[in-house]
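# Structure at a glance
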Amino acid sequence: MTDLPTRDPYEEKPTRREMAARLVSTGVAAAAVGGGALFFHDRRHLEAAAPEIPDWRVPRSDAAPRGAAARGADPAANVRRAVAALGGMEAFVKKGESVLIKPNAGWDRLPEQAANTDPKVVAELVRLCKRAGAKRVVVADLSVNDPVRSMTRSGLLEAARSAGAEVLYGKSLKLVPASLAGSSAGLEVIDLLFSCQRVINVPIVKHHGLSRATVGMKNWMGVLGRGRNRLHQGIDRAVAELGATFRPTLTVVDATRVLLSNGPQGGSLSDVKLVNAVAAGTDPVLCEAWGVTQMGLDPSSLGFITEAEKRGLGRRDLSLMRDLGTA
Amino acid sequence: MTWTIRIRILYQAFFLGLFVWFLARLSAGDERQFPYALFHHADPLSAGALPLGAGTLPGALLWGIALILVTLVLGRAFCGWICPLGTLQQLASWFLSPRTKRESLVANRWRPWFALKTYLLVALLVGAVFGGLQMGLLDPLSLLARGLSSGLWPLLPGGRAVPAGWLSAVLLLAIIIASRYLPRLFCRALCPLGAFLGLFARFSIFRIGRGENACSDCRLCSFACQGADEPLGSHRVAECHVCLNCLPRCPEGALSYSFLPALATPPTRPDLSRRALVGTALSAAVIAPVLRVSGGGRDAARPGLIRPPGALGEKEFLSRCVKCALCQQTCPTGALQPAIGEAGVEGFWTPVVVPRRGGCEFACTRCGEVCPTGAIEPLAAARKTGYDGRPPVRIGTGFIDRGRCLPWAMQIPCIVCEEVCPTDPKAIWFDEVEEPLRGAAGTAGTVRLKHPRIEPSRCVGCGLCENKCPVGEEAAVRVTSIGETRDPLNRMLLGT
């Protein structure tokens, strides 16, 4: 108000100029208030619905092999041979793409205890992705135990980092809302699922107290944050649901060491059997079936495998898995 | 007393009466659809602050915008003519104070610390931007409604106890009594709504004007000035309540309330220091997030925080709730109570369901109907109960404490929880068992008992079971918020 035209101190009435200026400033203020009201009026601002989980598969011809399994004392060589039999990593990862590698790093256990994916398997996959031209390779998991202890003592942190991957765990992972059709309306998932173009699932074959076995589909628990602890109420359905929701570019099953009882955490070395095998596949149900046979289980006896096949997520027919034999 | 003053007093009496009458009708459970939230819909501070955090101006708050536009034309007429808390203070200062004319002149002088309200306003607005809408603590309409509803209403015959109400009552009474010492102390020094309207009153077209040639500097105009805005000399239009008490006081007839009068010389000292304003804003920007992590409803571990049916998710809810207590006033069972610590520091005085005080009546939707800002969404009864075919609106889940339950722990037959369970089919059902009874040595004979069990997928968390449970102070069946519709992460069952 102070910078309005000054007026004659003996004049009781403001000048016409001053009146116009004052009316204009009132009008501008009214327009600002009205404009703000129009802009904000009933503008819904509730949080956006959870985004759909992307499909990370690459299109493959029907003649292409759906899976290949290799045996031998060197886990890295097993990985190389199995992936090569599917057409090499170049068939799955294109130059410049970002790849998320999802191992099982759930537990504060040493590699010998076979509760987490073997670090040599993961490191070899990182190298293959890098060689195929991946711009960014991330290894990430939401551990059950303390994430720092789990990532470090599993050997995954060092192995993946020295192979050239970015390792994200614990507080460095960002969670966003998600929902799992039919199982849970409220969940959180790591945001890497939306920023990476390709996702490789690298589970270890283990016994599980509730579902008897855990391989690849249950490994998706590790991309879920709050809300995942509900899924055990109907484990077979929920695991199949996870398989239907997360469709990876590639599944690489680590059966180097297999935990036969007291899973999924294990601990005792007497529960661990050395199998020295790795399988890679584009059919998650086939990989699941191959994995449980390494424990000596019949795939058709497991509810989550039959449920997944019934949903059309893949086939459990083991003749579809190319056996590359021992190196 | 001139006719302008008489008309103003009529306005004030009408609005104060209407305000209290609305609260009385809410409390009585009147079926008629009066605009109970009218005052809160027309709250300019809600209209100004809510969009900052919530990003939306809920429908009926447009009335608050209308009041801002009125202020642009008439000045802060709301404060002098409508605000019921202002009226109560004015009454108190007139009725309680033994001031002489001379003392009145001193009491109605402007003081630099009256600028406090503007700093408070800045802090509350900045806090709202950072996600904590706390203006309801001091907003005069919320403050009065809360003080009457949860503070003084319990005193009436048949009134219900409100444990957190005493503080609301003390705050309200302190404000009213303070006017005995300094008229409208709250309006002048603390009211964020008045400070907010003051921002717009600067542009007002109608205002107090003084014919300088006629004025003899006698200062009688300040005798009954409500806003302490000093109509003599440098008139502070942002402080003026447009009570018009000054006009008839002037022996020379030099004052007028008119269209675009000549402007008074502006006050010599600035009312606000820029440094202090920036400091206030920065402090609020730090304190608001601190309050957010105080362990309330945003926390995953939130024992005891049951929100009313239709309440938005906690973040959205807190960005809209103005703590006006209308939902609590209208709740027919007394289930809705002002939160003390259940919702954290930031949720102080927001509504929570306390089943021990009242259950949430199955088909009752009154809290959502009366909520002025949509923090509790209005629900149709068919929607709330699930009779429209979709899942019912749940506010929590009940759990049986087998260690306290009469049939479970003491072999005493009881069926009250099952009896009052309102869902269809009932969430509480009986497992009939035959148990051995205590005898002179060991057991002797048996008794048939009905053990109540809860089917969690049927339970809506209404708390009627907890409310009616005959196991006194701490019921043998209790509700917690898990499974509530409003938060998809606060669930326990697969498939929900």
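Quick caveat: nothing in here was measured; it's all calculated off a predicted structure.

Cut-off values and rules
- Residues numbered from 1 in each chain as written.
- Chains lettered and ligands numbered in written order.
- Predicted model: local features only at pLDDT ≥ 70, side-chain atom pairs only at ≥ 80, totals over all residues.
- Helix = DSSP H or I, 4+ residues; strand = E, 2+ residues; numbered from the N terminus.
- Buried ≥ 20, exposed ≤ 12 C-beta atoms within 10 Å, placed from the backbone.
- Contact = placed C-beta atoms within 7 Å.
- Domains from an automatic or database assignment.
- Nonpolar A, V, L, I, M, F, W, Y, C, P; charged D, E, K, R; others polar.
- pLDDT = per-residue confidence, 0-100.
- Axes fitted to C-alpha atoms, helices over the stretch in contact; angles between N-to-C directions.
- Parallel < 35°, antiparallel > 145°, perpendicular 65-115°, else oblique.
- Left-handed = near helix turned anticlockwise from the far one by under 90°.

On to the overall build of chain B. When its secondary structure is counted, chain B shows 21 helices and eight strands. Projecting the C-alpha coordinates of chain B onto the three principal axes gives extents of approximately 105 × 40 × 40 Å. Here chain B holds 496 residues, and the buried ones make up 50% of them. Looking at chain B alone, contacts between residues at least 24 apart form 72% of all its contacts between residues at least 6 apart.

Below, the discussion takes up the domain arrangement of chain B. Residues and elements named next belong to chain B. With domains assigned, chain B is organised as domain 1 (3-259), domain 2 (293-392) and domain 3 (397-480). The C-alpha centroid of domain 2 is placed 29 Å from the C-alpha centroid of domain 1. In this assembly, 33 residues from domain 1 lie in contact with 24 residues from domain 2. The set of elements that each furnish at least two residues to the side of domain 1 that touches domain 2 consists of helix H1 (3-28), helix H2 (38-41), helix H3 (44-54) and helix H9 (140-152). When residues in the side of domain 1 that touches domain 2 are grouped by element, the largest group, six residues, is from H9. Across the side of domain 1 that touches domain 2, the residue classes tally to 17 nonpolar, 13 polar and three charged.

Turning next to the interface of chain B and chain A. With 32 residues of chain B in contact, the opposing surface of chain A contributes 34 residues. Of all elements in the fold, only H3 and helix H4 (62-74) of chain B reach the threshold of two or more residues within the side of chain B that touches chain A. If you tally residues by element for the side of chain B that touches chain A, the top one is H4 of chain B, at five residues. Among the residues forming the side of chain B that touches chain A, the class breakdown is 22 nonpolar, seven polar and three charged.

This paragraph deals with H3 of chain B. Of all 11 residues making up H3 of chain B, 10 are buried, and the element is well covered by its neighbours. Buried residues of H3 of chain B: Pro44, Leu45, Ser46, Ala47, Gly48, Ala49, Leu50, Pro51, Gly53 and Ala54 of chain B, and no others. Check the buried side of H3 of chain B and you find it contacts helix H1 (16-40) of chain A together with H2, H4, helix H8 (116-129), helix H12 (192-201) and helix H15 (314-318) of chain B. A positive phi of about 75° marks Gly55 of chain B, the residue just after H3 of chain B.

Okay, the confidence of the model for chain B next. Across chain B, the average pLDDT comes to 92, with 99% of residues at 70 or higher. Our summary of model confidence lists the complex with pTM equal to 0.88 and ipTM equal to 0.86.

Residues and elements named next belong to chain B. With respect to the secondary-structure elements, Leu291 resides in helix H14 (residues 274-292). The exposure class of Leu291 is partly exposed, given the 19 C-beta atoms found within 10 Å. Once residues within four sequence positions are removed from consideration, Leu291 is found in contact with Gly132, Val345 and Glu346.

Residues and elements named next belong to chain B. Put simply, helix H6 (residues 84-96) and helix H10 (residues 165-181) touch, their axes get as near as 7 Å, and they point 45° apart. As summarised for this structure, H6 and H10 are arranged oblique, according to the angle between their axes. Every pair of crossing elements has a handedness; the one defined by H6 and H10 is right-handed. Taken together, the residues of H10 that come into contact with H6 (itself represented by Leu88, Gln89, Ala92, Ser93 and Leu96) are Ile175, Ile176, Ile177, Ser179 and Arg180. Its residues assigned to classes, the contact of H6 with H10 comprises six nonpolar, three polar and one charged.

Before going further, it helps to examine the packing of H8 of chain B against H12 of chain B. Residues and elements named next belong to chain B. Running from N to C, H8 and H12 cross one another at 95°; their axes reach a closest spacing of 8 Å. Overall, the two elements H8 and H12 adopt an arrangement that is roughly perpendicular. Contacts between H8 and H12 involve Lys117, Thr118, Leu120, Leu121 and Leu124 from the former and Pro192, Gly194, Ala195 and Phe196 from the latter. Here the residues of the contact of H8 with H12 are counted per class, giving six nonpolar, two polar and one charged.

We now examine unusual backbone geometry. Cis geometry is found at the peptide bond from Gly263 of chain A to Pro264 of chain A, where omega equals 5°. Note on placement: Pro264 of chain A falls in the loop between strand S10 (250-259) and strand S11 (272-281). Of note, the bond from Asp424 of chain B into Pro425 of chain B is cis; its omega dihedral lies within 30 degrees of zero at -5°. Mapping Pro425 of chain B onto the fold places it in the loop between helix H20 (416-420) and strand S6 (428-438). Even without being a glycine, Asp42 of chain A presents a positive backbone phi close to 45°. Summarising the element assignment, Asp42 of chain A is placed in the loop between H1 and strand S1 (67-71). Residue class for Asp42 of chain A comes out exposed when judged on the 12 C-beta atoms lying within 10 Å of it. Non-glycine residue Lys323 of chain B carries a positive phi angle of around 60°. As for its placement among the helices and strands, Lys323 of chain B is situated in the loop between H15 and helix H16 (326-330).

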